[in-house]
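Descriptive analysis of the structure
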Amino acid sequence: MYRPLADEIRPETLDELCGQKHILGPGGLLRRIIESGNIPNMIFYGPSGCGKTTVANIIAKSSGRALYRLNATTAGVADIKAVINDVDTFMAPNGILLYLDEIQYFNKKQQQSLLEFMENGKVTLIAATTENPYFYVYNAVLSRSTVFEFKALTAEDVLPAIERGFRLAGQRLEQELLVAEETLRYIASACGGDVRKGLNAVELLASAAVSRGEGAEVSLADAKLAAQKSAMRYDRAGDEHYDIISALQKSIRGSDPDAAIHYLARLVEAGDLISPCRRLQVIAAEDIGLAYPMAIPIVKACVDSAMALGYPEAALPLADAVVLLATAPKSNTAHNALYAAMDDIRAGKTGSIPRHLQNKHADSTGMEREQGYVYPHDFPNHYVAQQYLPDALAGTCYYEYGDNKTEQAAKKYWDAIKGKEG
């Protein structure tokens, strides 16, 4: 019977596991819990192929509990009840460890069906999810569980598994597989931290290896074909999407054009056009703002061009926008002023609009002067001092000039006019 290579070489001990040293290394919290034998309800949160299922298997084996697996994409309440029916039977004399994969796909009623048995200890739940559990798992389940975050694996973490995979694949084929170090490292890197994906590539490449007399050669060219685009982790409705968008904005805000281009490239490779178009326009206003006001119309022109072109050519104007924003001077003064004003409004600090600023049909009746409104254009420099904020907020300062050239020039101009210079 065929058995996938990834399943055949699945680690059986914690020492064989790739990565996760922060929780499973010597002295790690999860490792100590497993070794104690007192297994609580847990939620494993992390990307695909990083070892969540493998750790659950190791826990079940070390604790002597019967392991039941359900996938929330296909399972329902009836499946949970079928597992519960085996409690206290010869099928599970030492209790049940229920591994529930993709718990985020269970609705509230389905998740609540677990609560009674989680509390009395007859069933120990290990739920796994690739999405943030604090958004997708209901509070009642979270409060009864300990969350452990599994990190994405690095190429160095994955490399030993790739090497083991080629050794086992060679044994299956009864011939030595000749794989250059460069090829091994390429596969370890191209799988994007997903061991399962990397081992699937190993299995494919082993079956297509070219005999060279002393063995069968696996070429780098074949590895690149087998692993193309496999490093991409992207779900437009998932955490990875928002992480990339966040990293793009923070890299631009941090004036790092290289990092910003990297995150744009991820979005381009995923074929996502709408997200970078929307976010770049936000960044132009929020993070560059008044330090370089022309960034806003320039980025809008780049976005319009990208939307008209579509991929692959759309990537070029988007790249122009990203580099422009990353290298432009930065200012968030307008952003800060707006949110400070909004905080006051939410706190009830408003007050009536001053009488001389009210409309009262002034535009059609000529009542502006009667209201006491002073027309700035009648004065030198088109300015005259008068109160614009409501009485309750008179004197409040929301906007502070930034230290960039553009805003400092505006400050100097108005300080001179308003008599504050020097």
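Structure shown above.
How each quantity is defined
Residues numbered from 1 in each chain as written. Predicted model: local features only at pLDDT ≥ 70, side-chain atom pairs only at ≥ 80, totals over all residues. Heavy atoms only, no water. Helix = DSSP H or I, 4+ residues; strand = E, 2+ residues; numbered from the N terminus. Buried < 20%, exposed > 50% of the residue type's maximum accessible area, 1.4 Å probe, protein only. Contact = heavy atoms within 4.5 Å. Areas by Shrake-Rupley, 256 points an atom, 1.4 Å probe, with all protein chains shown as cover. Lys, Arg positive; Asp, Glu negative; His and termini not counted. Charge placed at Lys NZ, Arg CZ, Asp CG, Glu CD. Salt bridge = Lys/Arg side-chain N within 4 Å of Asp/Glu carboxyl O. Pairing = 2+ DSSP bridges.

1. Description of the overall build of the chain
- Helix and strand counts for the chain stand at 21 helices and eight strands.
- In terms of overall dimensions, the chain has a C-alpha envelope of 95 × 60 × 40 Å along the principal axes.
- Going through the 422 residues of the chain one by one, you find that 42% of them count as buried.
- Contacts in the chain between residues far apart in sequence, at least 24 positions, make up 73% of those at least 6 positions apart.
- Accessible area of the chain: about 22800 Å², with a carbon and sulfur share of 53%.
- Mean positive and mean negative side-chain charge positions of the chain (43 and 52 charges, respectively) differ by 4 Å.

2. Points about the pattern of salt bridges
- Counted according to the given criterion, the structure contains 13 salt bridges.
- Where Asp304 meets Lys300, a salt bridge forms, and the shortest distance between an N and an O atom there is 2.8 Å. Here Lys300 and Asp304 lie together in helix H17 (residues 295-309), a separation of four residues that amounts to about one turn.
- We classify Lys300 as partly exposed; its relative accessible area is 37%.
- Residues joined in a network through salt bridges with shared partners are Glu8, Arg172 and Glu203.

3. Re the sheet that holds strand S6 (residues 177-179)
- The strand order S6-S8-S7 describes an open sheet built from three strands, whose pairing is mixed. The sheet terminates laterally at S6 and strand S7 (210-211), the two strands that pair on one side only.
- With three bridges connecting them, S6 and strand S8 (residues 216-218) associate as parallel partners. Its bridge partner lying in S8, Val179 is registered against Val218.

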